[in-house]
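Coordinates in review
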Amino acid sequence: FEGSPLIALDVLRNLQLPYRAVFMDNGKDNIDNLRVLAGNDPNVTCVLANNADYMRSHCSNVGRDCYGYVFHDPNGVDDFNADMLLDIFNYPAFHRIDLIINIGATSFKRVLGAFPNRQDARLDTAISRLVDRKKVWLVREPYGKNQWTFLVGSNWVKLPDWKRQG
C-alpha cells in the first residue's frame, strides 16, 4: 500500500520539476520503510522526529522564494496539531507555501461525542484558527464511513476551482 508520502513523491518525480521532500514520522519502523521506498533520491530526507518539533526548529531554513506545500495527515484528533500549523505559517517564507490537510471528520465527531467539553475535538474550531493564514480555501466533500476530506489553503487567489476533479 502506498501511503500519502509515496503518492506525493511519485507525483513530484513525474512532474519532472525541481523538488525537495522532507518526510517525518515519530515511528522508527515508518521512517525506515520510507527510506527504503524512497530509494537513494538525494532530494528526499526522511526524519525520525516529532513533526511539530522538527517543523518549528527548521522553519527559518525555508527561503522566501520557495513554493510548495505542507501536507498535514494526522492520525485522528490527538495528532491534529493546529498550534504547530499556526506557528509555521506565521513565518514570512510560508506565504507561498500551501497547506493541505487530509483528515477524517468521523474521528473528531466520535471524540466530541464521548467528551463533549473537549474543545480540541471540534473540527470547526481547530480549522477556524487557521483560516486567516491563507486567502483561499478549498474543501473536498467528505467521503466514506470515516468522512475523509482534504482542506487546501493557499494565498494564490487564482487557485482553480476543482469541481471537475471531485
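Below: a short report on this structure. All values reported here derive from a predicted model rather than from experimental measurement.

The next point concerns helix α3 (residues 51-58). Buried within α3 we find A52, Y54 and M55. Seen along its axis, α3 keeps its buried residues to an arc of 165°; they face one direction. On the buried face of α3, the contacting elements are β1 (21-25), β2 (44-48), β3 (68-72) and α4 (82-88). The N-cap of α3, judged by a side-chain oxygen 2.9 Å from the amide nitrogen of A52 a few residues on, is N50.

Attention now moves to the side chain of H72. Checked against the element boundaries, H72 lands in strand β3. Within the local environment of H72, its side chain forms a polar contact with the backbone nitrogen of N81, the two atoms lying 3.2 Å apart. When neighbours within four sequence positions are excluded, H72 is seen to be in contact with N51, D79, F80, N81, M84, L85, I100, I101 and N102.

Pairing of β1 with β2 involves 5 bridges; the strand directions are parallel. Within β2, the position partnered with D25 by the bridge is L48. For the crossover that starts at β1, traverses helix α2 (residues 28-38) and ends in the parallel β2, the hand is right-handed.

Time to look at the side chain of N155. When you line up the elements, N155 lands in the segment after β6 (148-154). N155 gets classed as buried once you look at its relative accessible area, which sits at 14%. A polar contact of 3.0 Å, which involves the side chain of N155, links it to the backbone nitrogen of K135. Beyond its immediate chain neighbours, meaning those up to four positions away, N155 contacts H95, D98, R133, K134 and K135.

The contact between helix α1 (residues 4-15) and α2 brings their axes to 11 Å, and the two run at 25°. One way to sum up the angle between α1 and α2 is to call them roughly parallel. Once α1 is placed against α2, the crossing between them reads as right-handed. Seen from α1, the contacting residues are P5, L6, L9 and R13; seen from α2, they are L34, L37 and A38. The residue makeup of the contact of α1 with α2, split by class, is 6 nonpolar, no polar and 1 charged.

Okay, the packing of aromatic side chains next. Scanning all chains against the criterion turns up 4 aromatic pairs. Between the aromatic rings of F71 and F150, the centroid separation amounts to 6.2 Å while the plane-to-plane angle is 50°, which identifies the pairing as tilted. Of this pair, F71 sits in strand β3 while F150 is found in strand β6, placing the two residues 79 residues apart along the sequence. Following the ring pairs from residue to residue traces out a cluster consisting of F89, Y91 and F94.

A few words on the sheet that holds β6. Taking strand neighbours across the sheet as the criterion, the 4 strands line up as β3-β4-β6-β5 in an open arrangement whose pairing is mixed. Strand pairing shows two members of the sheet lacking a second neighbour, β3 and β5 (136-139), which therefore form its edges. For this sheet, the mean angle separating the axes of adjacent strands, direction not counted, is 15°. Where β3 meets strand β4 (residues 97-104), 5 bridges bridge the pair, whose relative direction is parallel. Considered in β4, the bridge of V70 is made with L99.

What α2 keeps buried is the set I31, L34 and A38. Down the axis, α2 shows its buried residues gathered within 60° of arc, on one side only. Away from its buried face by more than 90 degrees, α2 exposes K28, D29, V36 and L37. Elements that come into contact with the buried residues of α2 comprise α1, β1 and β2. Backbone geometry just after α2 places G39 at a positive phi near 75°.

Parameters at a glance
Residues numbered from 1 in each chain as written. Predicted model: local features only at pLDDT ≥ 70, side-chain atom pairs only at ≥ 80, totals over all residues. Heavy atoms only, no water. Buried < 20%, exposed > 50% of the residue type's maximum accessible area, 1.4 Å probe, protein only. Helix = DSSP H or I, 4+ residues; strand = E, 2+ residues; numbered from the N terminus. Arc of directions from axis to C-beta. Contact = heavy atoms within 4.5 Å. Polar contact = N/O pair within 3.5 Å; in protein donor to acceptor, adjacent residues only side chain to side chain. Pairing = 2+ DSSP bridges. Right-handed = clockwise from strand over helix to strand, strands pointing away. Axes fitted to C-alpha atoms, helices over the stretch in contact; angles between N-to-C directions. Parallel < 35°, antiparallel > 145°, perpendicular 65-115°, else oblique. Left-handed = near helix turned anticlockwise from the far one by under 90°. Nonpolar A, V, L, I, M, F, W, Y, C, P; charged D, E, K, R; others polar. Phe/Tyr/Trp six-rings, centres within 6.5 Å; stacked < 30°, edge-to-face > 60°.

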